[in-house]
Amino acid sequence: MIEKSDAPLAHPSLYGAGTEGVPVIFAGRCTHCGRVGFPRQAYGCEACGAHGAALADMDLPADGELISFAEVHRHHGADIDTPFVMAEVRLDGGPLLRATLAPRRAVGLKVGARLRGMLVAGDRPGAALELRFAPVEG
Ligand SMILES: [Zn+2]
């Protein structure tokens, strides 16, 4: 789900709006060994060291599985209101990433739940669109 908004993305080098209503994660794939990594980088494959033309861009749908989560009640940053939920998400395309969940509370969350990314406005007025994940119903 993508909110209707003209707001810019908070991290346009890491994710984009996608085309089918599912945001995409900008990952990279090593054409030598097949490893898929995030974030996309040009230093070299984390598995085999291949670099240069061996590293290809790969857009991954923001679909994955909930690996772990924690409900945060105290936070030093001023950019997000508490409570919020931080999670580790295993993308279907391979990489594990840490992300904020759209639900503000962890009630009802279960490890292994299906998650889908969505672009939502940050908590401050005029904030850019952030990628957050939410459980997929059903
Ligand atoms: Zn490699």
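Residues numbered from 1 in each chain as written. Predicted model: local features only at pLDDT ≥ 70, side-chain atom pairs only at ≥ 80, totals over all residues. Heavy atoms only, no water.

**Here's the deal with the overall build of the protein**
Right, on to step 1. Helix and strand content of the protein: zero helices and nine strands.
Right, on to step 2. Along its sequence from the N terminus, the protein presents helices and strands in the succession β-β-β-β-β-β-β-β-β.
Right, on to step 3. By the burial criterion, 35% of the 138 residues in the protein qualify as buried.
Right, on to step 4. Pairs at least 24 apart in sequence give 49% of the contacts found in the protein among residues at least 6 apart.
Right, on to step 5. Counting only carbon and sulfur atoms, one obtains 53% of the accessible surface of the protein, whose full area is about 8,100 Å². (Helix = DSSP H or I, 4+ residues; strand = E, 2+ residues; numbered from the N terminus. Buried < 20%, exposed > 50% of the residue type's maximum accessible area, 1.4 Å probe, protein only. Contact = heavy atoms within 4.5 Å. Areas by Shrake-Rupley, 256 points an atom, 1.4 Å probe, with all protein chains shown as cover.)

**Re the coordination of the zinc ion**
Six octahedral donors around a metal ideally make angles of 90 or 180 degrees; four tetrahedral donors ideally make 109.5 degrees.
Right, on to step 1. At the metal site, the zinc ion is ligated by Cys 30 (SG), Cys 33 (SG), Cys 45 (SG) and Cys 48 (SG), and these contacts range over 2.3 Å.
Right, on to step 2. If you look at the zinc ion, its four donor atoms make angles of 104 to 117 degrees with each other, and the shape they trace is tetrahedral.
Right, on to step 3. Spacing between the donor residues of the zinc ion along their common chain follows C-x2-C-x11-C-x2-C.
Right, on to step 4. Judged by its relative accessible area of 36%, Cys 48 falls in the partly exposed class. (Donors = N, O, S within 2.8 Å, 3.2 Å for Na, K, Ca; no water. Tetrahedral: all angles 85-135°; square planar, octahedral: opposite > 155°, others 65-115°.)

**Notes on the nonpolar core**
Note that soluble globular proteins tend to have their nonpolar side chains buried in a common cluster.
Right, on to step 1. Among the nonpolar cores identified, the biggest contains 22 residues, and Ile 25, Val 89, Leu 91, Leu 97, Leu 101, Leu 131 and Phe 133 are the most heavily contacted of them.
Right, on to step 2. Counting residues per element, the ones that place at least two in this core are β2 (24-30), β6 (84-91), β7 (96-101), β8 (114-121) and β9 (129-135).
Right, on to step 3. Considering each element in turn, this core owes the most residues, four residues, to β6.
Right, on to step 4. Ignoring anything within four residues of it in the chain, the contact list for Leu 97 reads Ile 25, Phe 38, Ala 87, Glu 88, Val 89, Leu 91 and Phe 133. (Core = buried A, V, L, I, M, F, W, Y, C linked by side-chain atoms within 4.5 Å.)

**Looking at the pattern of salt bridges**
Right, on to step 1. Evaluation of the coordinates by the stated rule reveals eleven salt bridges.
Right, on to step 2. In this structure, Glu 46 engages Arg 35 in a salt bridge whose closest nitrogen and oxygen atoms are separated by 2.8 Å. Of this pair, Glu 46 sits in the loop between β3 (36-37) and β4 (55-61) while Arg 35 sits in the loop between β2 and β3; the two residues are eleven residues apart in sequence, bridging distant segments of the chain.
Right, on to step 3. Across the pair Asp 81 and Arg 124 runs a salt bridge, and its minimum N-O distance is 2.8 Å. With Asp 81 in the loop between β5 (63-72) and β6 and Arg 124 in the loop between β8 and β9, this residue pair connects regions lying 43 residues apart in the sequence.
Right, on to step 4. Look at Arg 124 and you get partly exposed, because its relative accessible area is 34%.
Right, on to step 5. Through salt bridges with shared partners, a single network forms among Arg 104, Asp 123, Glu 130 and Arg 132. (Salt bridge = Lys/Arg side-chain N within 4 Å of Asp/Glu carboxyl O.)

**Some words on the layout of surface pockets**
Rolled over the atoms, a probe sized like a water molecule indicates the empty space that remains.
Right, on to step 1. In this structure, the largest pocket encloses a volume near 410 Å³.
Right, on to step 2. Taken together, 18 residues form the lining of the largest pocket, with His 11, Arg 98, Ala 99, Thr 100 and Leu 131 sitting closest to its centre.
Right, on to step 3. Per-element tally for the lining of the largest pocket: the top contributor is β7, with four residues.
Right, on to step 4. Among the residues making up the lining of the largest pocket, the classes are represented as eleven nonpolar, three polar and four charged. (1 Å grid on protein atoms, 1.4 Å probe; cavity = no way out; pocket = protein on both sides within 12 Å on 5 of 7 lines; lining within 4 Å. Points joined across faces, edges and corners; volume = space filled by probe spheres on them. Nonpolar A, V, L, I, M, F, W, Y, C, P; charged D, E, K, R; others polar.)

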